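# Close look at the chain arrangement
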Amino acid sequence: MPGKRTKQEITAHLMARCNELLDAGYDGTRILNRHQLKIQCYQCNAAIINGVACHETGCPNQAKAKQRREQRERKEAKCDSLR
């Protein structure tokens, strides 16, 4: 049946999404079961709005995540310039 994912694919997708959220500053994020994530930030009352995780305005974890993303982008740009 096309479109049906295996348990391994579902687990891999869930793990990848969990890691993305942890990188975005949602430091309390964890996997509840094979199909659900608990998204949480220990610095604010994070919310899910229309399927998008959102920090409160002024959350220190949001600023840290932005700094990490900018550092990663600079590193990637530097690597691309070496090619």
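Nothing here was measured: the structure is a model prediction, and the numbers come from that model. (Residues numbered from 1 in each chain as written. Predicted model: local features only at pLDDT ≥ 70, side-chain atom pairs only at ≥ 80, totals over all residues. Heavy atoms only, no water.)

Moving on, we come to the state of the cysteines. Counted under the stated rule, the structure contains 0 disulfides. Of all cysteine sulfurs in the structure, the one in Cys59 sits closest to Cys41, which takes part in no disulfide; the separation is 3.7 Å. Taking the relative accessible area as the measure of exposure, Cys41 reaches 4% and is therefore buried. Just so you know, Cys59 is unpaired, no disulfide at all, and the nearest cysteine sulfur is the one on Cys44, 3.6 Å from it. (Disulfide = S-S within 2.5 Å. Buried < 20%, exposed > 50% of the residue type's maximum accessible area, 1.4 Å probe, protein only.)

We now examine the pairing of strand E1 (residues 30-33). One ladder, built from 3 bridges, connects E1 with strand E2 (residues 36-38); its direction is antiparallel. The residue of E2 that forms the bridge with Asn33 is Gln36. The turn linking E1 back onto E2 is made up of 2 residues. (Pairing = 2+ DSSP bridges. Helix = DSSP H or I, 4+ residues; strand = E, 2+ residues; numbered from the N terminus.)

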